Amino acid sequence: TRWLETGPVRAALLTRRKFLQSVIEQKVYFYADIPRIDFETHVDWKQHQCLLKAEFDVDVNTNEATYDIQFGNIKRPTHFNTSWDYARFEVCGHKYADISEGAFGAALLNDCKYGYGIRDGKMTLSLIKSGILPNPEADREEHFFTYSFMPHGEGFADSAVPEQAYMLNLPLRAVSGERETDGDESACFISTDADNVVLETVKKSYDGKRTVIRLHEYKNKRSTVTCAFALPVASVYETDLMENELSPMNCEGNKISFEIKPFEIKTVSFKTL
């Protein structure tokens, strides 16, 4: 174990351990301005029928956990009250799982591992299964993945867990190039003013004539959302998921406003001048 970085923005600790015939190497990143702790992992795995998990002990008083699903999240119990609970020894979560007790909580984030177990003050994430059927060599050799542990000093609804999970899965990339804006060099191509709405998709329409954006609400909170475009807009329509136009939307000064319901998905198409 040794320190790789000790800078003002982040510190990095390298750990390397041998387990039977396998080797597990991790770079553990601690950040100055965010509570997330990243475990960037490289595993040279040689085992059969051996389940590798990450486990964190947490002191949080709750009987339910919140799991990320596509376009929202879902709460599930963390107790063994019924036979269904016993059978549900793991729960699928896309980017994160969180437990909160009011003004405190902890989340376990991932970039490609989805099997969570939360019970009796422990949060676990399945990393490698190494089964033998139908492939006797399944999961052997090298694996690269990152998971993160994130405590937070507020309840889940007020925390930055979903945002940090997106940052883990879609890290910023620096690119060079030119772009056109309407005189504002700091403008985003598209932006929203609601902290409970994610701009999930920006794409060309199926017919290639318009640009389509898809947004969703993820904090179970109805809101009024204002969407701003960096380029002049000729027309804007709300559409269904198949991009069939439903109704025109009023655009004032390259901005549109609309109501969004809890966990609602909105699809909008527009054409620039």
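Procedures and definitions
Residues numbered from 1 in each chain as written. Predicted model: local features only at pLDDT ≥ 70, side-chain atom pairs only at ≥ 80, totals over all residues. Heavy atoms only, no water. 1 Å grid on protein atoms, 1.4 Å probe; cavity = no way out; pocket = protein on both sides within 12 Å on 5 of 7 lines; lining within 4 Å. Points joined across faces, edges and corners; volume = space filled by probe spheres on them. Helix = DSSP H or I, 4+ residues; strand = E, 2+ residues; numbered from the N terminus. Nonpolar A, V, L, I, M, F, W, Y, C, P; charged D, E, K, R; others polar. Pairing = 2+ DSSP bridges. Core = buried A, V, L, I, M, F, W, Y, C linked by side-chain atoms within 4.5 Å. Buried < 20%, exposed > 50% of the residue type's maximum accessible area, 1.4 Å probe, protein only. Contact = heavy atoms within 4.5 Å.

Visitor: It is not clear to me how the layout of surface pockets should be interpreted in this structure. Could you clarify?
Guide: The method is simple in principle: a probe with the dimensions of a water molecule rolls over the atoms, and the space it marks as empty is what remains. Size it by volume and the largest pocket reaches roughly 840 Å³. In terms of lining, the largest pocket is formed by 22 residues, of which the most central are Glu163, Tyr166, Met167, Leu170 and Leu172. Contributions of two or more residues to the lining of the largest pocket are made by helix 2 (161-169), strand 14 (190-192) and strand 15 (197-204). Partitioning the lining of the largest pocket into residue classes produces 15 nonpolar, two polar and five charged. Elements supplying a minimum of two residues to the lining of the second largest pocket: strand 2 (10-19), strand 3 (22-31), strand 4 (37-45) and strand 5 (52-57). Counted by class, the lining of the second largest pocket contains eight nonpolar, three polar and two charged residues.

Visitor: Please explain the sheet that holds strand 17 (residues 223-229) as it appears in this structure.
Guide: Here four strands make up an open sheet; going across it, the order is 14-17-21-20 and the pairing antiparallel. The strands lining the two open edges of the sheet, one partner per strand, are strand 14 and strand 20 (251-252). Sheet analysis places strand 20 next to strand 21 (residues 255-260), joined by two bridges and oriented antiparallel. Along strand 21, the bridge assignment pairs Glu252 with Lys255.

Visitor: When you look at the nonpolar core in this model, what are you seeing that I'm missing?
Guide: Side chains of a nonpolar character, in soluble globular proteins, are inclined to be buried together. By size, the foremost hydrophobic cluster in this structure holds 28 residues, and its most contacted members are Leu127 and Tyr147. The dominant element in this core, judged by the number of residues it contributes, is strand 12 (residues 122-128), at four residues. Aside from chain neighbours lying at most four places away, what touches Tyr147 is Gln26, Ile37, Asp38, Phe39, Thr41, Ala54, Phe56, Leu108, Leu109, Asn110, Leu125 and Leu127. If you look at the next biggest cluster of nonpolar residues, it comprises 16 residues, including Phe229, Val233, Phe258 and Ile260.

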